[in-house]
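Descriptive structure summary
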Amino acid sequence: MVDTLNQSAAVVLSSDVRADDSEIMCWITLLPEVGDPLLRERRAIIELVAQAERLEAVARDRRAEAYRASLALETSARRSWSDDEIKQAKQRAS
């Protein structure tokens, strides 16, 4: 039983899983005479997953923006320094 619970939590919390609302802990809705408190907790978990997905999308956008900015900065640096100077600086930095 613990294995099943851990697997369910992993599915809900895994960043690789993008489940729709009906898949997230749907077994709760199948319990006989399940009450509003548990259904509200499930809804809160669904919202947390949705919020995490939105934040992950923002983070992906920011990483892409930072990558493009780093390319622009290197292009600017290449206007003032030679390839050898940039290569040496990169080697010293790593």
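Note: the structure precedes this text.
Below or above, wherever it landed, is the structure these notes cover. (Residues numbered from 1 in each chain as written. Predicted model: local features only at pLDDT ≥ 70, side-chain atom pairs only at ≥ 80, totals over all residues. Heavy atoms only, no water.)

Observations regarding the overall build of the protein
Summing up its helical and strand segments, the protein has 3 helices and 0 strands in all. Its helices and strands in sequence order give the protein the pattern α-α-α, from N to C terminus. When each of the 94 residues of the protein is scored for burial, the buried share is 10%. Taking all contacts inside the protein whose residues are at least 6 apart in sequence as the whole, residues at least 24 apart take part in 29%. Counting every atom, the protein has about 7,800 Å² of accessible surface; 57% of that belongs to carbon and sulfur. (Helix = DSSP H or I, 4+ residues; strand = E, 2+ residues; numbered from the N terminus. Buried < 20%, exposed > 50% of the residue type's maximum accessible area, 1.4 Å probe, protein only. Contact = heavy atoms within 4.5 Å. Areas by Shrake-Rupley, 256 points an atom, 1.4 Å probe, with all protein chains shown as cover.)

Some details on the pattern of salt bridges
Where charged atoms from two side chains of opposite charge come close, those side chains can pair. Per the counting criterion, the structure on display carries 5 salt bridges. Between D83 and R78 there is a salt bridge whose closest N-O contact spans 2.7 Å. Among the residues examined, D83 registers a relative accessible area of 54% and is labelled exposed. Judged by its relative accessible area of 36%, R78 is partly exposed. (Salt bridge = Lys/Arg side-chain N within 4 Å of Asp/Glu carboxyl O.)

Some words on helix 2 (residues 36-80)
With 45 residues, helix 2 should cover 66 Å at 1.5 Å per step; its first-to-last C-alpha distance of 66 Å lies within 8% of that length. For helix 2, every residue scored as buried is listed here: R42, I46 and V49. (Expected span 1.5 Å × (residues − 1).)

Describing a nonpolar patch on the surface
A contiguous nonpolar patch, built from W27, L31 and L38 and spanning about 250 Å² of accessible area, is present on the exposed surface. Mapping W27 onto the fold places it in the loop between helix 1 (2-13) and helix 2. (Patch = residues over 30% accessible without salt bridge, like charges linked within 9 Å, V, L, I, M, F, W, Y side chains within 5 Å.)

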